[in-house]
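Take a look at the letters that make up each chain.
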Amino acid sequence: MQHYLRRYSRELGRDVRQVAPEAMTRLRGYGWPGNIRELQSVLKQALLQASGTALLPGFLPEPLVGRGREAAEAAQPGARARASAAESGVETFVILQRVASDVRGLYAETHRQLDRLLLTKVLKHTRGNLQQAALLLGIARQTLRLKLRDLGLSTEKDEG
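Just so it is clear, the model here is predicted, and its values are computed rather than measured.

Draft legend 1. Seen up close, the nonpolar core. The biggest cluster of nonpolar side chains holds 26 residues, and the ones touching the most others in it are Val 19, Leu 27, Trp 32, Leu 47, Leu 55, Leu 60 and Leu 64. Looking at this core, the elements that each hand over two or more residues are helix H1 (2–11), helix H2 (21–29), helix H3 (35–49) and strand E2 (54–55). Not counting residues within four places of it along the chain, the set of residues in contact with Trp 32 comprises Leu 27, Glu 38, Leu 39, Val 42 and Leu 64. Membership of the second largest hydrophobic core comes to 10 residues, among which are Val 122, Leu 123, Leu 144 and Leu 151.

Structure below.
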């Protein structure tokens, strides 16, 4: 799993280096009916949601959010409160986590993360076609290019 975490973190422009114990418990507790491809997809989805250097359980997609909760709660004090935050939505969880850490520049950081998530999803949807993506977003193609460059996101067309 570490191999895929490093690989996709690099591909998606993230700096995630580890999986939080609670998230690892949920990943291990899942049945993986789709095998390795499903794991790869889940890691990509989680990394798109992630902020910071650790992959937290709140970043995991819906099928894994409730998995392994009892074991995680036993392993970490306060896990129940964090799990409740995760249930109210990943975005809320991320924002609440950052507010609790008394971070500065939360507005700009949140918008940057939202832009990264939105642009990545739209580009995937349009298979890297900047013109279609700009139309869908309602912005100029040049504005899209500037945002992509600022976020360090690739503008290569999808060949798959």
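Draft legend 2. Looking closely at helix H8 (residues 106–125). The end-to-end C-alpha distance of H8 is 28 Å, a good match for the 28 Å that 20 residues give at a rise of 1.5 Å each. In this structure, the buried residues of H8 make contact with H3, helix H9 (130–137) and helix H10 (141–151). Within two residues after H8, Arg 127 carries a phi angle of roughly 55°, on the positive side.

Draft legend 3. Expanded view of unusual backbone geometry. Although it is not a glycine, Arg 127 sits at a positive phi angle of roughly 55°. Mapping Arg 127 onto the fold places it in the loop between H8 and H9. The exposure class of Arg 127 is partly exposed, given its relative accessible area of 47%.

Criteria and cut-off values
Residues numbered from 1 in each chain as written. Predicted model: local features only at pLDDT ≥ 70, side-chain atom pairs only at ≥ 80, totals over all residues. Heavy atoms only, no water. Core = buried A, V, L, I, M, F, W, Y, C linked by side-chain atoms within 4.5 Å. Buried < 20%, exposed > 50% of the residue type's maximum accessible area, 1.4 Å probe, protein only. Helix = DSSP H or I, 4+ residues; strand = E, 2+ residues; numbered from the N terminus. Contact = heavy atoms within 4.5 Å. Expected span 1.5 Å × (residues − 1).

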